[in-house]
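Spelled out, the chains give:
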Amino acid sequence: MSPDTPTPRDPAEQDRLHLAITELWEQRLSFNQLLGLKVDALDPAAPRLRFDMRPELVGHYLHGRLHGGVISAVLDATGGFALTLAIAHRHPLENTAQILHRFGRMGTIDLRVDYLRQGLGQHFIASAEVTRLGGRVASTLMRMHNDEGLLIATGAASYIVS
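Residues numbered from 1 in each chain as written. Predicted model: local features only at pLDDT ≥ 70, side-chain atom pairs only at ≥ 80, totals over all residues. Heavy atoms only, no water.

(A) Fine view of the packing of helix α1 (residues 11–28) against helix α4 (residues 96–103). As a packed pair, α1 and α4 sit with axes 9 Å apart at the nearest point and diverge in direction by 35 degrees. Crossing angle aside, the handedness with which α1 passes α4 is right-handed. Residue-level contacts link E13, R16, L17, A20, L24 and W25 of α1 to T96, I99, L100 and F103 of α4. Taken together, the residues of the contact of α1 with α4 sort by class into seven nonpolar, one polar and two charged. (Axes fitted to C-alpha atoms, helices over the stretch in contact; angles between N-to-C directions. Helix = DSSP H or I, 4+ residues; strand = E, 2+ residues; numbered from the N terminus. Left-handed = near helix turned anticlockwise from the far one by under 90°. Contact = heavy atoms within 4.5 Å. Nonpolar A, V, L, I, M, F, W, Y, C, P; charged D, E, K, R; others polar.)

Here is the structure:
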C-alpha cells in the first residue's frame, strides 16, 4: 500500500458501522420493528435476519400460519439487508455515515416470492445472497426457514442502489 492509498475502515469504525446497521434494521425502520426483525448475522457472505411468530403476524386464524405478506416483506427486507452489507464491504474506505447515505438511495424494483410450505413455526430465519451488485442495480436471492429448518419460501429481487 502506498502512502497515498487510503486505509480501509479501522476496526472501531467497522464496529460503529455494524452497530448502525443493526440499529437501522431493528429500530429505525418502523416496519421492520413491527415485524420484529432482529439481526442474526452481519456477515456479508451469509447475512441473516430472525423474527418470532406472534399473533399479529398470523394470516389464517384457523391454522395460525404466517401471513404471506409478512413472508414477502421479510424476504424483501432481508435482500436489502444483504445489499447494505455488500455495499459496505465493496466500499471499505467509506465511513458509517457514507454507507448509511448509500442505503438511503436504495429501493426495491422487483420482488418475486415462491411460497413453498405453510408458515408454521415458533421463529423464522431469513437469509440472502447478493447475486449482482452493479453501479445502479443489484439482485438478490432470499430464503426463509422455520425453527425446524424447513424451507418456507424463497424470493428473488432487484433493487436500485444509486
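That shown, we press on.
(B) Quick look at the layout of surface pockets. By volume, the largest pocket is sized at about 260 Å³. For the largest pocket, the lining is made up of 13 residues, of which W25, L29, N32, D76 and A77 are closest to its centre. Within the residue set of the lining of the largest pocket, elements represented by two or more residues are α2 (30–35), α3 (68–90) and β5 (107–115). Per-element tally for the lining of the largest pocket: the top contributor is α3, with four residues. Of the residues assigned to the lining of the largest pocket, the class counts are eight nonpolar, four polar and one charged. (1 Å grid on protein atoms, 1.4 Å probe; cavity = no way out; pocket = protein on both sides within 12 Å on 5 of 7 lines; lining within 4 Å. Points joined across faces, edges and corners; volume = space filled by probe spheres on them.)

(C) Layout of the pattern of salt bridges. Under the counting rule described, the total for this entry stands at six salt bridges. With its nearest N and O atoms 2.6 Å apart, the salt bridge here joins R16 to E13. Of this pair, R16 and E13 both sit in helix α1, three residues apart, which is roughly one turn of that helix. A salt bridge links E56 to R54, with the shortest nitrogen-to-oxygen separation between them at 3.3 Å. Accessibility expressed as a relative area gives 59% for E56, which makes it exposed. The class for R54 is partly exposed, based on a relative accessible area of 25%. (Salt bridge = Lys/Arg side-chain N within 4 Å of Asp/Glu carboxyl O. Buried < 20%, exposed > 50% of the residue type's maximum accessible area, 1.4 Å probe, protein only.)

(D) Seen up close, the nonpolar core. Among the nonpolar cores identified, the biggest contains 41 residues, and W25, F51, L66, I71, V74, M144 and V161 are the most heavily contacted of them. Mapped onto this core, the elements with two or more residues apiece are α1, β2 (48–52), α3, α4, β6 (123–133), β7 (137–146) and β8 (151–160). With 13 residues, the top contributor of residues to this core is α3. If we skip the residues at most four places from it in the chain, V74 touches L35, L37, F51, A126 and M144. (Core = buried A, V, L, I, M, F, W, Y, C linked by side-chain atoms within 4.5 Å.)

(E) The arrangement of the sheet that holds strand β1 (residues 38–41) in detail. The antiparallel open sheet is built from six strands, whose spatial order is β1-β2-β6-β7-β8-β5. Of all strands in the sheet, those with a lone pairing partner are β1 and β5, marking the two edges. Here the average twist between neighbouring strands, direction ignored, is 25 degrees. Relative to β7, β6 runs antiparallel, the two being bridged by nine bridges. Bridging across to β7, R132 finds its partner in S139. In the packing of α3 onto the sheet, contacts are made with β1, β2, β5, β6, β7 and β8, and the angle to β6 comes to roughly 50 degrees. (Pairing = 2+ DSSP bridges.)

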